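The residues making up each chain are set out below.
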Amino acid sequence: MIKNIGVDQIEVDRIAKVVDRGDGFARKVLTDREFAQYQDLTHKRKIEYLGGRFAIKEAFSKAWGSGIGQAVSFEDVETLRTESGAPVTTSRIFTGRIFSSIAHDDHEIVAVVVLEEPAGWRRAIGKLSHLLSGRKNDHSS
């Protein structure tokens, strides 16, 4: 079952400026494995890659319902690319499936994240809630 959806957009020019200043922002935003992929890219692809990863992390935090810096850090979300270039997003704070997509042109980078709860999660929460509400009723008499 879908938990939530998040979307983020960033201007290419903003990311280009931080890439031009060096690796400081990339080191802050990217995990070690993301940074390893980033280092092997051309200048233009670095902008697209860094902007896409930043947007994915922001979109994830929106789907999570908190924003970056509150319950979600940059290190909590990792998006690596397959050999074909498709993004594969994982998280150390979410155990369900994560679907992600990144699109970019010369002006904007857009990312979408869909969080799918682990199978049976809703059913387990429903049963627990029912049990707890039953206990509450037992104590009220």
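Residues numbered from 1 in each chain as written. Predicted model: local features only at pLDDT ≥ 70, side-chain atom pairs only at ≥ 80, totals over all residues. Heavy atoms only, no water.

Colleague: Please give an account of the environment of Ile 68 that cites residues and values.
Modeller: Tracing the backbone shows Ile 68 in the loop between α4 (43-64) and β2 (77-81). Sequence separation between Ile 68 and Lys 57 is 11 residues, and the spatial gap between their C-alpha atoms is 7.6 Å. In contact with Ile 68, other than residues within four places in its own chain, are Lys 57, Glu 58, Ser 61, Ser 73 and Phe 74. (Helix = DSSP H or I, 4+ residues; strand = E, 2+ residues; numbered from the N terminus. Contact = heavy atoms within 4.5 Å.)

Colleague: Give me the pairing of β2: which residues, what numbers.
Modeller: Along any regular strand, the residues point their side chains to alternate faces of the sheet. Burial runs high along β2: four of the five residues are buried. Here five bridges tie β2 to strand β3 (residues 87-91), and the two strands are oriented antiparallel to one another. Across the sheet, Glu 78 pairs through a bridge with Thr 90, a residue of β3. (Buried < 20%, exposed > 50% of the residue type's maximum accessible area, 1.4 Å probe, protein only. Pairing = 2+ DSSP bridges.)

Colleague: Before we move on, can you summarise the sheet that holds strand β1 (residues 2-11) with the specific residues and values?
Modeller: Strand order across the open sheet formed by three strands is β1-β5-β4, with antiparallel pairing between neighbours. Each having just a single partner strand, β1 and β4 (97-104) make up the two edges of the open sheet. When strand polarity is set aside, the average angle formed by the axes of neighbouring strands in this sheet is 10°. Here β1 runs beside strand β5 (residues 108-116); their pairing, made up of nine bridges, is antiparallel. Bridging across to β5, Asp 8 finds its partner in Ala 111. Across the face of the sheet, helix α1 (residues 12-20) comes into contact with β1 and β5 while running at roughly 70° to β1. (Axes fitted to C-alpha atoms, helices over the stretch in contact; angles between N-to-C directions.)

Nothing here speaks to function; it is all geometry.
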